[in-house]
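Reading the structure
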Amino acid sequence: QVQLAESGGGLVQAGGSLRLSCAASGRTFSSYAMGWIRQAPGKEREFVATIWSGSSTYYADSVKGRFTIARDNAKNTVYLQMNSLKPEDTAVYYCAADPNFRTFTRGPAGAAMYWGQGTQVTVSS
């Protein structure tokens, strides 16, 4: 069982930056692939980024070059650094965990095993 809690969301102007954090419970955090998924109003959940095996990463094309995912296994925490934010990045951002990184890279965006409650990111134009 893994419990996840996101923080760091907020309101930012276009072009600005935010860093999201996701604190995880459990002693097996390092064995899980971690991901960020977002959902904008009226839209389906969308994959954003994932990290596994310590440093392997994969990003959605829409955020590549602007967002960076990282993890600190000693702190059981995964981060999402978001730069050059755009109004279309506005969404609720969820942290998710799954034993298999392919759940994030190949599966539907809602397939991960464990989820946080989400944090709102709003980018104003």
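Keep in mind it's a predicted model, so treat the numbers as computed, not measured.

Cut-offs used in this document
Residues numbered from 1 in each chain as written. Predicted model: local features only at pLDDT ≥ 70, side-chain atom pairs only at ≥ 80, totals over all residues. Heavy atoms only, no water. Helix = DSSP H or I, 4+ residues; strand = E, 2+ residues; numbered from the N terminus. Buried < 20%, exposed > 50% of the residue type's maximum accessible area, 1.4 Å probe, protein only. Contact = heavy atoms within 4.5 Å. Disulfide = S-S within 2.5 Å. Lys, Arg positive; Asp, Glu negative; His and termini not counted. Salt bridge = Lys/Arg side-chain N within 4 Å of Asp/Glu carboxyl O. Polar contact = N/O pair within 3.5 Å; in protein donor to acceptor, adjacent residues only side chain to side chain.

**Digging into the environment of D89**
One can find D89 in the loop between strand 8 (77–82) and strand 9 (91–98). What makes D89 buried here is its relative accessible area of 1%. D89 sits 51 residues away from R38 along the chain, and the two C-alpha atoms are 8.7 Å apart. Not counting residues within four places of it along the chain, the set of residues in contact with D89 comprises R38, R66, F67, S84, V121 and V123.

**Describing the state of the cysteines**
This structure, assessed with the given rule, holds one disulfide. Two residues, C22 and C95, share a disulfide whose sulfurs are 2.1 Å apart. With the S-S bond torsion at -80°, the cross-link from C22 to C95 turns out left-handed. Of this pair, C22 sits in strand 3 (residues 18–24) while C95 is found in strand 9, placing the two residues 73 residues apart along the sequence. Look at C22 and you get buried, because its relative accessible area is 0%. The buried category is assigned to C95, whose relative accessible area is 0%.

**Let's talk about the side chain of R71**
Inspection of the secondary structure assignment puts R71 in strand 7 (residues 67–72). The buried charged residue R71 lacks any salt bridge, with D72 as its nearest oppositely charged partner at 8.4 Å. Among the polar contacts listed, one links the side chain of R71 to the backbone oxygen of F29, at a separation of 2.9 Å. At a separation of 3.4 Å, a polar atom in the side chain of R71 contacts the main-chain carbonyl oxygen of I51. Not counting residues up to four positions away in its chain, the partners in contact with R71 are F29, S30, Y32, A33, M34, I51, W52, G54, T77 and V78.

**Some words on the pattern of salt bridges**
Side chains that carry opposite charge are capable of pairing whenever their charged atoms lie near each other. Counted by the stated rule, this structure contains four salt bridges. The salt bridge partner of D61 is K64, with a shortest N-O separation of 3.1 Å. The exposed category is assigned to D61, whose relative accessible area is 66%. Residues D89 and R66 are paired through a salt bridge, measuring 2.8 Å at the closest nitrogen-oxygen approach. Pair noted here: D89 is in the loop between strand 8 and strand 9 and R66 is in the loop between strand 6 (56–59) and strand 7, with a separation of 23 residues, a long-range link. Both residues of the pair, D89 and R66, count as buried.

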